[in-house]
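# Descriptive analysis of the structure
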Amino acid sequence: MTVSASSSIQQAKHALGQRLRDIRRDSGLSARALAIAAGWHESKCSKIQSGRVTPTESDLRAWTAICGVPDQAADLIATTRNIEGMYVEWRRLERAGLKRTQESVRPLFERTQRFRMYQSWVVPGLLQTAAYTHAVLSTIVSLRGTPDDVDAAVTVRMERQKVLHTGDHRFAVLIEEWVLRTVIGTPDILVGQLGHLITVGSLPSVSLGVIPLGSTRNAGWPVESFTVYDDTQVNVELVSAHLTITQPAEISEYGQAFSDLARIAVYGADARSLIAGAINALG
């Protein structure tokens, strides 16, 4: 797990622990009295309150019942589930198939007005062709052993691209130049993808920047791929897992990282020239 993942999740666990501590104090119970009533070792209460241990759903039901506030259990359980959802291994996220994974983000895309996307791995999904998407998702199925519903997942992703043409959405996209030269699928698929990238990068709602190979990296260090949704959430693509960040301070860090990367990118004719160069290299 990355430092960012660990920090974000630990802060959420700590906040939950403080809330449970307040509930206990309001009930007039000591940590020892609560532990005895619940049949726990005395140290369990302190570990939960400090965020060192995440309480189970049964722990939360016992805690709230003993403290006389059983009606708060449902909300606390929902909070715990949200914490668990901040860091989700790809195998767990995709175990029901790639189509469901694609569908799960639709509400987030529809409600977001300002997207900031940085990709150091592949062309961003919203700017992909169907053939390129099929190649990417087929690779995921092969590597991770997920259920093979690639055709259905491609259809969902293509439908999601309507957000580029509807509503008041704005997309700032940054891509490392090596992404343009990484062959996924076949050279013909990549050529088609790069041509599409030039087209979609010219949309009024899209700002497309390419970070050239050999750029000086005093700032704008290449990092994991991420997307900032307005100023409310960041999704990060790790090798083994999907990370959701909601802590304002960490969202700000990713916003700053995006700004640093944006300053060393090229746009307009210069970006199209780099894309054309990648196409020519495949010819």
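Residues numbered from 1 in each chain as written. Predicted model: local features only at pLDDT ≥ 70, side-chain atom pairs only at ≥ 80, totals over all residues. Heavy atoms only, no water.

With that out of the way, let us pick up the overall build of the protein chain. Of regular secondary structure, the protein chain possesses 14 helices and seven strands. Principal axes of the C-alpha set define a box for the protein chain whose edges measure 75 × 40 × 35 Å. Burial status across the protein chain gives 45% buried among its 283 residues. Across the protein chain, contacts joining residues at least 24 apart in sequence account for 76% of those joining residues at least 6 apart. Looking at the protein chain as shown, the accessible area adds up to about 13700 Å², and 52% of this sits on carbon and sulfur atoms. Charge-centre separation for the protein chain: the mean point of 29 positive side chains lies 4 Å from the mean point of 28 negative side chains. (Helix = DSSP H or I, 4+ residues; strand = E, 2+ residues; numbered from the N terminus. Buried < 20%, exposed > 50% of the residue type's maximum accessible area, 1.4 Å probe, protein only. Contact = heavy atoms within 4.5 Å. Areas by Shrake-Rupley, 256 points an atom, 1.4 Å probe, with all protein chains shown as cover. Lys, Arg positive; Asp, Glu negative; His and termini not counted. Charge placed at Lys NZ, Arg CZ, Asp CG, Glu CD.)

By the burial criterion, the buried members of helix α4 (residues 57–66) are Asp-59, Leu-60, Trp-63 and Thr-64. For α4, the angular spread of buried residues about the axis comes to 120°, placing them on one side. One or two steps after α4, the chain reaches Gly-68, where phi turns positive at roughly 80°. (Arc of directions from axis to C-beta.)

Next up on the list: the side chain of Thr-227. The topology assignment puts Thr-227 in strand β5 (residues 226–229). The exposure class of Thr-227 is buried, given its relative accessible area of 12%. Here Thr-227 is in contact with Arg-116, Met-117, Gln-233, Val-234 and Asn-235, once residues within four sequence places are set aside.

Moving on, we come to helix α10 (residues 150–160). For α10, every residue scored as buried is listed here: Val-150, Ala-153, Val-154, Val-156, Arg-157 and Arg-160. Projected onto a plane normal to the axis of α10, the buried residues spread over an arc of 160° and lie on a single side. Tucked into the core, α10 has its buried residues touching α7 (98–104), α8 (106–111) and α9 (130–144).

Here we take up the side chain of Thr-101. In this structure, Thr-101 sits in helix α7. Not counting the four nearest positions on each side in its chain, Thr-101 is found in contact with Leu-93 and Glu-94.

This prediction gives the protein chain a mean pLDDT of 91; 96% of its residues lie at or above 70. Contacts for the low-pLDDT stretch residues 1–5, under 50 throughout, to residues beyond four places or in other chains number 11 contacts. (pLDDT = per-residue confidence, 0-100.)

This next bit is on the packing of aromatic side chains. In this structure the tally under the stated criterion is seven aromatic pairs. With 5.7 Å between their ring centres and 65° between their planes, Phe-109 and Tyr-229 make a pair best called edge-to-face. With Phe-109 in helix α8 and Tyr-229 in strand β5, the pair connects residues that are 120 residues apart, well separated along the chain. By relative accessible area, which is 4% here, Tyr-229 ends up buried. Judged by centre distance (5.6 Å) and plane angle (40°), the ring pair of Tyr-118 and Phe-226 falls under tilted. With Tyr-118 in strand β2 (residues 114–119) and Phe-226 in strand β5, this residue pair connects regions lying 108 residues apart in the sequence. The class for Phe-226 is buried, based on a relative accessible area of 1%. Following the ring pairs from residue to residue traces out a cluster consisting of Phe-109, Phe-115, Phe-171 and Tyr-229. (Phe/Tyr/Trp six-rings, centres within 6.5 Å; stacked < 30°, edge-to-face > 60°.)

This part covers the layout of surface pockets. Quantified by volume, the largest pocket comes out at close to 990 Å³. Trp-90, Gln-102, Gln-119, Arg-157 and Glu-237 are the residues nearest the centre of the largest pocket, which is lined by 40 residues in total. In terms of residue count, α9 provides more of the lining of the largest pocket than any other element does, six residues in total. Counted by class, the lining of the largest pocket contains 22 nonpolar, 12 polar and six charged residues. (1 Å grid on protein atoms, 1.4 Å probe; cavity = no way out; pocket = protein on both sides within 12 Å on 5 of 7 lines; lining within 4 Å. Points joined across faces, edges and corners; volume = space filled by probe spheres on them. Nonpolar A, V, L, I, M, F, W, Y, C, P; charged D, E, K, R; others polar.)

A separate point is the packing of α9 against α10. Between α9 and α10, the least distance of the axes is 9 Å, while the angle of their chain directions is 135°. By the angle class used here, α9 and α10 are oblique. In this structure, the crossing between α9 and α10 has a hand that is right-handed. Here Ala-130, Thr-133, His-134, Leu-137, Ser-138 and Val-141 of α9 lie close against α10, whose contacting residues are Val-150, Asp-151, Ala-153, Val-154, Arg-157 and Met-158. For the contact of α9 with α10, the class distribution of residues is seven nonpolar, three polar and two charged. (Axes fitted to C-alpha atoms, helices over the stretch in contact; angles between N-to-C directions. Parallel < 35°, antiparallel > 145°, perpendicular 65-115°, else oblique. Left-handed = near helix turned anticlockwise from the far one by under 90°.)

Counting residues in hydrophobic clusters, the biggest one holds 38 residues, and the most contacted among them are Leu-127, Phe-171, Leu-180, Leu-197 and Leu-208. The element that contributes the greatest number of residues to this core is α9, accounting for six residues. Excluding residues within four positions of it along the chain, Leu-127 makes contact with Gln-161, Leu-164, Val-173, Gln-193, His-196, Leu-197, Val-200 and Leu-208. Grouped together as the second largest cluster of nonpolar side chains are 36 residues, Leu-16, Leu-20, Ile-211 and Ile-245 included. (Core = buried A, V, L, I, M, F, W, Y, C linked by side-chain atoms within 4.5 Å.)

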